[in-house]
Amino acid sequence: MQILTKNVEMDATEVFQAIEEIKNVNPGVIQTYLKGLVPDIVAFLIQIAVAAVVYLIGVQVIRLLRKFLKKWLTKREADIGVKQFLDALIKYVCYFILFMMILSVFGVATTSAVALLGSMGLTIGLALQGSLSNFAGGVLILLLKPFKVGDYIIEDVNKNEGTVKEISVFYTKLTTPDNRVIIIPNGTLANSSLMNVTQSEKRRVDIYVGVSYQADLKKAKSILTELAEQEINRLKDEPMDIFVSDLEDSSVKLGVRIWVPTDSYWETRWRLVEEVKLALDAGGIEIPYPQMDVTIKKTQ
């Protein structure tokens, strides 16, 4: 019990000594440390405020620059795809410059940042070679103009097709007839074959129909000729052809060719196919179809 009492007295003595040492600490050291932090905190808050102002002003300047660019391109009657591509490119470049300016506000040397990006260029290039290829593909599309916004194209790689709605920096956006959106990388379109269906102002409608070998061939051709001549969308100054295309196994294949405005192609084709069927039926011209005769022999 005496040993435990002595230990308690020694612990209490040490606590009192520690409290006295804390009291004897010079309060000027803490005050000096806190006062030294104030300028740094104020400077950091000022940097944040300046960076916010730079960002807000920069965003407004970028918007005005893009607006001016669009007006200038409109006056120059530039293609819509060129407008979309340059607008996206200017936006990315300007925001990168704004980001570098904000870094300089915080004391980060832009030259060091650019040097760092330069040293990382090979790595970034290898990692983003697909994106760089798409960017180069977008430039080629705008220069060579295999298609423009509003054209209907069919690409041969994945058989995607639709109306071109947007040519951006890295991709081209298509809208299908049933209003689906297809996004195709520019590199794919620039490095593969594609079909531009609507680039020309006129398009030829080809319709083929088979008639029976027993049918009156001249009468069938006369019916088709009359239908083609009466077609309201047919371009009168373009040639019209009614011909025998092939002698097939069970039918004589006749062809009709007329030229129509590109935007009337599908309307004309659908109507003409229906009218050919109705007119041949009305004229007593048989359109053969595959048949199978089954003979059942009755055994005794």
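Bear in mind the structure is a predicted one, so any value in this text is a computation, not a measurement.

Undergrad: Sorry if this is basic, but what is going on with the environment of Y208 here?
TA: Inspection of the secondary structure assignment puts Y208 in strand 6 (residues 202-211). Under the relative-accessibility criterion, Y208 is labelled partly exposed at 36%. Through-space distance from the C-alpha of Y208 to that of F243 is 9.6 Å; in sequence the pair is 35 residues apart. Engagement of the side chain of Y208 in a polar contact is seen with the side chain of R257, the distance being 3.3 Å.

Undergrad: I'm lost on the pattern of salt bridges in this one. Help?
TA: Pairing between side chains of opposite charge can happen when the charged atoms of each approach one another. Within the structure shown, the criterion is met by 10 salt bridges. Salt-bridge contacts for R180 lead to D178; the nearest nitrogen and oxygen are separated by 3.1 Å. Across the salt bridge formed by E238 and K202, the nearest N and O atoms sit 2.5 Å from each other. Residue E238 is found in the loop between helix 8 (217-230) and strand 7 (241-247), and its partner K202 is found in strand 6; the two are separated by 36 residues along the sequence.

Undergrad: Mind showing me how you'd approach the nonpolar core here?
TA: It is characteristic of soluble globular proteins that their nonpolar side chains tend to be buried jointly. The biggest cluster of nonpolar side chains holds 21 residues, and the ones touching the most others in it are V211, L224, L254 and L280. Counting only elements with at least two residues in this core, the list comes to strand 6, helix 8, strand 8 (252-261) and helix 9 (265-282). If sequence neighbours within four positions are ignored, L224 has contacts with V209, I242, L254, V256 and V276. F85, I141, V149 and I153 belong to the second-largest nonpolar core, a separate cluster that totals 13 residues.

Undergrad: Can you walk me through the packing of aromatic side chains in this structure?
TA: The way to describe two aromatic rings as a pair is by their centre distance and the angle between their planes. Under the defined criterion, the tally for this structure stands at five aromatic pairs. With 6.2 Å between their ring centres and 80° between their planes, Y208 and F243 make a pair best called edge-to-face. A residue pair is termed long-range when its members are at least 10 positions apart, and Y208 in strand 6 and F243 in strand 7 qualify at 35 residues. Through successive ring pairs, a cluster of aromatic residues spans Y92, F135 and F170. Across from the ring centre of W259, 5.6 Å away, lies the NZ or CZ of K202, which sits over that ring.

The rules behind the values
- Residues numbered from 1 in each chain as written.
- Predicted model: local features only at pLDDT ≥ 70, side-chain atom pairs only at ≥ 80, totals over all residues.
- Heavy atoms only, no water.
- Helix = DSSP H or I, 4+ residues; strand = E, 2+ residues; numbered from the N terminus.
- Buried < 20%, exposed > 50% of the residue type's maximum accessible area, 1.4 Å probe, protein only.
- Polar contact = N/O pair within 3.5 Å; in protein donor to acceptor, adjacent residues only side chain to side chain.
- Salt bridge = Lys/Arg side-chain N within 4 Å of Asp/Glu carboxyl O.
- Core = buried A, V, L, I, M, F, W, Y, C linked by side-chain atoms within 4.5 Å.
- Contact = heavy atoms within 4.5 Å.
- Phe/Tyr/Trp six-rings, centres within 6.5 Å; stacked < 30°, edge-to-face > 60°.
- Lys NZ or Arg CZ within 6 Å of the ring centre and 35° of its normal.

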